[in-house]
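This is what each chain is made of:
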Amino acid sequence: MTEYDAPSALGPAVQLAHHELVQLLDRRVWMPGSRLPGERALATRVGVSRSSLRHALARLESEGRVNASAQRGWYVSTDVVSEPPSLLKSFTEIARERGLRPTARILHRTVRPATYDESARLRVAPASEVLEISRLRGLDEVPVCVDTTVLIRSRAPGLETADLTDRSLFAVLEEIAGIRVTRSAYTARADGADPALAGLLGLPVGTPVLVGEEVTCDPHDVPVLLGRAVYRGDAYRFEATLHRSAD
C-alpha cells in the first residue's frame, strides 16, 4: 500500500481533488488516451493547490486511471487489450469480453505479389498473389492499433470485396471461405511510432508502441495469414503461460 492508498495519508484538499478528477474522468470529459490540461489549469478547475493536485494525480496513476509522460504531462489511461495466456482470440472477441466496442476502418486493401519472406512463411511459390489488408482498430472510438494482414489471395477471394468495417477478420474468413484459424506463432517487440503511425494513433512521434507479428494456421497446420499489429504502448498487454523444462 502506498501513501496515496491510505485514507489517513490524504489531506482534505487531496481528497477533494481526487474526487473531482474521478467525476470528470467517469463523465469522459477527457477521452481515453487524451492529454489532460496543464497542472495550473487543472488545479484551478478543481479548486486546490498544484501540490495537492499532484498527490491526487499520483493516486489516480496508482489506480490506473491516468499515466504520466515525461515532459509531456498527464494522459487519460486507455482501455487495455490483453491477449489471454495461450489462447488465440481475435481483437473483436477480446474487446467484447471486456465490455468494449471494437471498431475497424480499412486503410488500404491491395492485391500484390508476395515477397520472398512472405512466400516462405505462407508456404507458397515466390511472387504468388496475396491480399494485403490494413485496418485501424479502436475501442469505443479510441484508435489503439494498426493491423495489417497478408493472405493467399486464392484461398479467400471474397475478402477483396467483403465489408470488414467493425468486423472480426477471423469471423469473416470462416463465413465466406470456411477457413477456421486454430493456432498462431506470435512474437512481440517494442518500437517507436513513426510520423504516419503516430498520426493514425494520435501519439507524439517516437512514442513507444508494441509490435505483434504472427503466422496463423488452420486445423491442418497450414498457414492462413501473416499478421502485424502495432498497438499503442498504453493500450496493449501480452500475457503468456511459461513452463520450466523438466530437464
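Residues numbered from 1 in each chain as written. Predicted model: local features only at pLDDT ≥ 70, side-chain atom pairs only at ≥ 80, totals over all residues. Heavy atoms only, no water.

Caption draft 1: View of the overall build of the protein. Looking only at helices and strands, one finds 7 helices and 10 strands in the protein. Out of the 247 residues belonging to the protein, those deemed buried represent 43%. By sequence separation, contacts in the protein at least 24 residues apart represent 59% of the contacts at least 6 residues apart. Counting every atom, the protein has about 13000 Å² of accessible surface; 51% of that belongs to carbon and sulfur. (Helix = DSSP H or I, 4+ residues; strand = E, 2+ residues; numbered from the N terminus. Buried < 20%, exposed > 50% of the residue type's maximum accessible area, 1.4 Å probe, protein only. Contact = heavy atoms within 4.5 Å. Areas by Shrake-Rupley, 256 points an atom, 1.4 Å probe, with all protein chains shown as cover.)

Caption draft 2: Quick peek at helix α1 (residues 12–26). For α1, which comprises 15 residues, the first-to-last C-alpha distance of 21 Å matches the rise-based estimate of 21 Å (1.5 Å per residue) to within 8%. Restricting attention to buried positions, one finds in α1 the residues Val 14, Ala 17, His 18, Leu 21, Val 22, Leu 24 and Leu 25. Viewed along the axis of α1, the buried residues span an arc of 165°, placing them on a single side of the element. Packing partners of the buried residues in α1 comprise α2 (39–46), α3 (50–62), β1 (66–69) and β2 (73–76). Of the residues one or two after α1, Arg 28 is the one with positive phi, at around 55°. (Expected span 1.5 Å × (residues − 1). Arc of directions from axis to C-beta.)

Caption draft 3: Structural detail: the packing of α2 against α3. Between α2 and α3, whose axes approach to 9 Å, the crossing angle comes to 95°. The pairing of α2 with α3 is recorded here as roughly perpendicular in orientation. Touching Glu 39, Arg 40, Leu 42, Ala 43 and Val 46 of α2 are Arg 50, Leu 53, Arg 54 and Leu 57, all from α3. When grouped by side-chain class, the residues that make up the contact of α2 with α3 number 5 nonpolar, no polar and 4 charged. (Axes fitted to C-alpha atoms, helices over the stretch in contact; angles between N-to-C directions. Parallel < 35°, antiparallel > 145°, perpendicular 65-115°, else oblique. Nonpolar A, V, L, I, M, F, W, Y, C, P; charged D, E, K, R; others polar.)

Caption draft 4: Representation of the packing of α1 against α3 within the structure. Closest axis-to-axis distance for the α1/α3 pair is 8 Å, and the angle between their directions is 55°. Here α1 is positioned oblique relative to α3, judged by the angle of their axes. Here the hand of the crossing between α1 and α3 comes out right-handed. Contacts between α1 and α3 involve Ala 13, Val 14, Ala 17, His 18, Leu 21, Val 22 and Leu 25 on the former and, on the latter, Ser 52, Leu 53, His 55, Ala 56, Leu 57, Arg 59 and Leu 60. Looking at the contact of α1 with α3 residue by residue, the class counts come to 10 nonpolar, 3 polar and 1 charged. (Left-handed = near helix turned anticlockwise from the far one by under 90°.)

Caption draft 5: Spatial organisation of the side chain of Thr 103. In this fold, Thr 103 is placed in strand β4 (residues 102–113). In contact with Thr 103, not counting residues within four places along its chain, are Leu 136, Arg 137, Gly 138, Leu 139, Glu 141 and Asp 166.

Caption draft 6: Seen up close, unusual backbone geometry. Even without being glycine, Arg 123 reaches a positive phi, approximately 60°. Summarising the element assignment, Arg 123 is placed in the loop between α5 (116–122) and β5 (129–139). A positive phi angle, near 75°, is found at Glu 141, a position not held by glycine. On the secondary structure map, Glu 141 appears in the loop between β5 and β6 (142–152).

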